[in-house]
Amino acid sequence: MISLPLMINDVILKVTINFKDLEVKKDMLDSGAKDVKESDIVIGKTHLRAYEDSKKHITDPKAITDFIRRNINYGSENANYIEVNTRKYKDRDFYDTYIIPAPSYKPNEVNDYIYGTLVNNIRLSSPDKIKKTNISLANIGFDELFNGEFYERLAAIKNNNHNPLYIRNSLMNAGCKKQLEILDFFNTLDYENSKNSDVLLTEELNTVNAFFSDSSKINRFLTNYKDIAINNYDSYMYLATLNNLVNGRNLEWPVLSEEQQKILIKKLNSNSKVA
């Protein structure tokens, strides 16, 4: 899974991203006869562990996606899904197998990084707990594609014709295929609400950070986390604007639940009394 920290109106929350409609086969046996192991990726008769060092996993997200893409026969009936194995259970010689969608046959740096990270987090986790990775969209090239120049081009196209199909076709003709591919890919994923523990007022983060010197690891971590949340929200707004114009609807990303809103109101009231 992936966590996207977002700062919205001085509140930092996390949106959890995962593949949609995952099928999980529980308690699969580590079969030496088939030469399929834990933490493996299986594409038909091809599997990743045969290409890895026995003591070192391939972990680069783009390399993972590229390996999968190179070994899929996109013209076959079984090209839509692949299998990804978790690590073994701590006390048993079994793992879980996730049936996940195959990547698009078109390379796209942002999509490939997101896809590869999701795959890595399955195969390098225990069956009991799939880890989450915080992602900065800016750091994986999102802001190079969704920038002021792109939105000036989008605004000019929109001013000529508000029809979503016209806007999509005009963007394709204007060399903006990558942006549309990213939007389409994000719309295939599943999004979950933040847990209560993941919702944080920026004022709380700033208060905690004030106790540490600027050069301390904690200060640098919290400052970087806040910057990621700010930049991710900017990326979210760019993507939401494009989705609204091209698909005629809002992004299906979760908002704060009623319970979380009540918790934030209590925090805000408490802070205002202290002030």
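These numbers come from a predicted model, not from an experiment. (Residues numbered from 1 in each chain as written. Predicted model: local features only at pLDDT ≥ 70, side-chain atom pairs only at ≥ 80, totals over all residues. Heavy atoms only, no water.)

A.B. asks: I tried to follow the nonpolar core on my own but got confused; where do I start?
C.D. replies: One recurring pattern in soluble globular proteins is that nonpolar side chains are buried together. Residues Ile68, Ile114, Leu171, Phe186 and Trp253 are the most contacted members of the largest nonpolar core, which totals 59 residues. With residues near it in sequence (within four places) discarded, Trp253 still touches Leu4, Leu6, Val15, Phe186, Tyr191, Tyr236 and Leu239. Listed in part, the six residues of the second largest apolar core include Met7, Ile12, Leu222 and Tyr225. (Core = buried A, V, L, I, M, F, W, Y, C linked by side-chain atoms within 4.5 Å. Buried < 20%, exposed > 50% of the residue type's maximum accessible area, 1.4 Å probe, protein only. Contact = heavy atoms within 4.5 Å.)

A.B. asks: Help me understand the packing of helix H1 (residues 61-70) against helix H2 (residues 109-123), please; the structure alone is not making it clear to me.
C.D. replies: When two helices pack together, their arrangement is given by the angle between the helix axes and by the axis-to-axis distance. Where H1 contacts H2, the axes come no closer than 7 Å and their chain directions differ by 95°. As judged from the angle between their axes, H1 and H2 are roughly perpendicular. Here H1 contributes Pro61, Lys62, Ile64, Thr65, Ile68 and Arg69 to the contact with H2, which in turn contributes Glu109, Asp112, Tyr113, Tyr115, Gly116, Thr117, Val119, Asn120 and Arg123. When the residues that make up the contact of H1 with H2 are grouped by side-chain class, the tally is six nonpolar, four polar and five charged. (Axes fitted to C-alpha atoms, helices over the stretch in contact; angles between N-to-C directions. Helix = DSSP H or I, 4+ residues; strand = E, 2+ residues; numbered from the N terminus. Parallel < 35°, antiparallel > 145°, perpendicular 65-115°, else oblique. Nonpolar A, V, L, I, M, F, W, Y, C, P; charged D, E, K, R; others polar.)

A.B. asks: Got a minute to help me understand the packing of aromatic side chains in this structure?
C.D. replies: Between two aromatic rings, the relevant description is the distance of the centres plus the angle of the planes. Applying the stated criterion to the full structure yields ten aromatic pairs. With 4.3 Å between their ring centres and 15° between their planes, Phe142 and Phe146 make a pair best called stacked. Judged by relative accessible area, which is 1%, Phe142 ranks as buried. The class of Phe146 is buried, set by a relative accessible area of 1%. Sitting over the face of the ring of Tyr89, Arg92 holds its NZ or CZ atom 4.2 Å from the ring centroid. (Phe/Tyr/Trp six-rings, centres within 6.5 Å; stacked < 30°, edge-to-face > 60°. Lys NZ or Arg CZ within 6 Å of the ring centre and 35° of its normal.)

A.B. asks: Looking at this structure, how should I read a nonpolar patch on the surface?
C.D. replies: A surface patch of nonpolar side chains, about 390 Å² in accessible area, is lined by Val208, Phe211, Phe212 and Ile218. Among the secondary structure elements, Phe211 is positioned in the loop between helix H7 (202-209) and helix H8 (217-247). (Patch = residues over 30% accessible without salt bridge, like charges linked within 9 Å, V, L, I, M, F, W, Y side chains within 5 Å. Areas by Shrake-Rupley, 256 points an atom, 1.4 Å probe, with all protein chains shown as cover. Salt bridge = Lys/Arg side-chain N within 4 Å of Asp/Glu carboxyl O.)

A.B. asks: Explain the layout of surface pockets here, please?
C.D. replies: To find leftover empty space, a probe the size of one water molecule is rolled over the atoms. Approximately 430 Å³ is the volume found for the largest pocket. Around the largest pocket sit 24 residues that line it, and Ser104, Asn111, Asp184, Phe185 and Thr188 are the ones nearest its centre. A total of five residues in the lining of the largest pocket trace back to one element, the largest contributor, which is helix H6 (residues 177-186). For the lining of the largest pocket, the residue count by class is eleven nonpolar, four polar and nine charged. (1 Å grid on protein atoms, 1.4 Å probe; cavity = no way out; pocket = protein on both sides within 12 Å on 5 of 7 lines; lining within 4 Å. Points joined across faces, edges and corners; volume = space filled by probe spheres on them.)

Remember that the coordinates give geometry; whether it matters functionally is a separate question.
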